[in-house]
Amino acid sequence: IASGGASAQLSSGFYSRSCPGMLKAVRSALHPAIARERRVGASIVRLFFHDCFVQGCDASLLLDDAPGLRGEKNATPNKNSARGFEVIDAVKAAVEGCCPGVVSCADLGGPSWEVKMGRRDSTTASFNGAENNIPPPTSGLANLTSLFAAQGLSQKDMVALSGAHTIGLARCTNFRDHIYNDTNIDAGFARSRQSGCPRATGSGDNNLAPLDLQTPTVFENDYYKNLVQKRGLLHSDQELFNGGAADTLVREYVGSQSAFFKDFVEGMIKMGDITPLTGSNGQIRMNCRRVN
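On a predicted model such as this, the values are computed, not experimentally measured, just so you know.

About the criteria used
Residues numbered from 1 in each chain as written. Predicted model: local features only at pLDDT ≥ 70, side-chain atom pairs only at ≥ 80, totals over all residues. Heavy atoms only, no water. Helix = DSSP H or I, 4+ residues; strand = E, 2+ residues; numbered from the N terminus. Rg over C-alpha atoms; globule rule 2.2 N^0.38 Å. Buried < 20%, exposed > 50% of the residue type's maximum accessible area, 1.4 Å probe, protein only. Contact = heavy atoms within 4.5 Å. Axes fitted to C-alpha atoms, helices over the stretch in contact; angles between N-to-C directions. Parallel < 35°, antiparallel > 145°, perpendicular 65-115°, else oblique. Nonpolar A, V, L, I, M, F, W, Y, C, P; charged D, E, K, R; others polar. Domains from an automatic or database assignment. Buried area = accessible area lost by both parts, 1.4 Å probe. Polar contact = N/O pair within 3.5 Å; in protein donor to acceptor, adjacent residues only side chain to side chain. Phe/Tyr/Trp six-rings, centres within 6.5 Å; stacked < 30°, edge-to-face > 60°. Lys NZ or Arg CZ within 6 Å of the ring centre and 35° of its normal. pLDDT = per-residue confidence, 0-100. Core = buried A, V, L, I, M, F, W, Y, C linked by side-chain atoms within 4.5 Å.

A. Structural detail: the overall build of the protein. Per the secondary structure count, the protein includes 13 helices and two strands. For the protein, whose C-alpha radius of gyration is 19 Å, the value lies close to the compact-globule estimate of 19 Å for 292 residues. Projected onto the principal axes, the alpha-carbon positions of the protein cover approximately 55 × 40 × 35 Å. The buried share of the protein, reckoned over its 292 residues, is 48%. Of the contacts formed within the protein by residues at least 6 apart in sequence, a portion of 74% connects residues at least 24 apart.

Take a look at the structure:
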């Protein structure tokens, strides 16, 4: 987790003088992209998660492969899966038009809470970190908890941040085993998902299904209601409500959407504090995909 010195240098008003139009520029590119495809919102949140779990929140995920640099985009958790990079490019272009060379790629974003800023971009990436640090959809509760703990995040943070799966879609290859082989799944729900995800590997691997059965484009607590009904799409989702230590939190979020929102925001802020580069460390990339 970030040292006190590094995270203390981050602040929600970091660009208030150097780039006062920054948030407006971000919204000018981000909002139309989400209007065109609602799934993009979920994709951008996932990029943040996959970036922060590898070398900290340093935009290392955005780097393309280059001579002498093996990026993270082709690691198993990201290949044919991480998406929204072109939206980040559009946001970066809008911000550069507003104040060139001021805002890092690691700071781009615009959700509805006070996001701390002041990060700088890494000049390296870690393919191995992406392979090993990001929880796969086959994870059990113990593995999920330990991988989050390795980033300084509690089990409560993990359960709350998993609620991001109240929006977005998943590929058949990531939930096939759960809908055909697991027993902790509602039989009717399994059958409905099997209709769009054939049992044979390689058949329909990229077919999509909503992570939240009821409202895949609305951010609320239905994700947890699904878990209680054994309708989690991923094995790792249902592990949060499977007779283990996380059951109590899931029930709390079912009963109180405001408790979920509060803990989700706290988790996102903590995740944003994971080992940021600040001050003279790192750089402000002109192009998010390449080191300067």
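B. Seen up close, the packing of helix H6 (residues 141-149) against helix H7 (residues 155-162). At a closest axis distance of 9 Å, the pairing of H6 and H7 adopts a crossing angle of 105°. Taken together, the axes of H6 and H7 lie roughly perpendicular to each other. Contacts between H6 and H7 involve Leu141, Leu144, Thr145 and Phe148 from the former and Gln155, Met158 and Leu161 from the latter. When its residues are assigned to classes, the contact of H6 with H7 shows five nonpolar, two polar and no charged.

C. Region of the structure containing the domain arrangement of the protein. Looking at the protein, the domain boundaries give domain 1 (21-133) and domain 2 (153-270). In this structure, domain 1 and domain 2 have C-alpha centres spaced 24 Å apart. In this complex, domain 1 contributes 13 residues to the contact, which on the side of domain 2 involves twelve residues. For the pair domain 1 and domain 2, the summed buried surface comes to about 1100 Å²; carbon and sulfur atoms form 72% of the total. The interface formed by domain 1 and domain 2 holds two residue pairs in polar contact (both at pLDDT 80 or more) in total. Across the side of domain 1 that touches domain 2, the residue classes break down as five nonpolar, three polar and five charged.

D. Summary view of the packing of aromatic side chains. Scanning the model with the defined rule gives 13 aromatic pairs in all. The structure contains a cluster of three or more aromatic residues connected by ring pairs, namely Phe219, Tyr223, Tyr224, Tyr253, Phe260, Phe261 and Phe264. Looking at Arg70, its charged tip hangs above the ring of Phe127, at a distance of 3.5 Å from the centre. Note that Lys73 overlies the ring of Phe85, its terminal NZ or CZ placed 4.3 Å from the centroid.

E. Structural view of the confidence of the model for the protein. With 96% of its residues at a pLDDT of at least 70, the protein reaches an overall mean of 93. Every residue in residues 1-6 is under pLDDT 50, and counting partners more than four places away or in other chains gives 13 contacts.

F. Expanded view of the nonpolar core. Grouped together as the largest cluster of nonpolar side chains are 32 residues, with contacts concentrated most on Val159, Tyr224, Leu240, Tyr253 and Met271. Residue assignment for this core shows that the elements contributing at least two residues are helix H5 (127-133), H6, H7, helix H10 (222-228), helix H12 (247-255) and helix H13 (257-272). Among the elements that make up this core, the one with the highest residue count is H13 (five residues). Looking at which domains feed residues into this core, each of domain 1 (21-133) and domain 2 (153-270) supplies at least three. Other than its neighbours up to four places away in sequence, Val159 contacts Tyr224, Leu240, Ala246, Leu249, Val250 and Tyr253. Counting 26 residues, the second largest nonpolar core, distinct from the first, contains Cys19, Leu47, Val91 and Val95.

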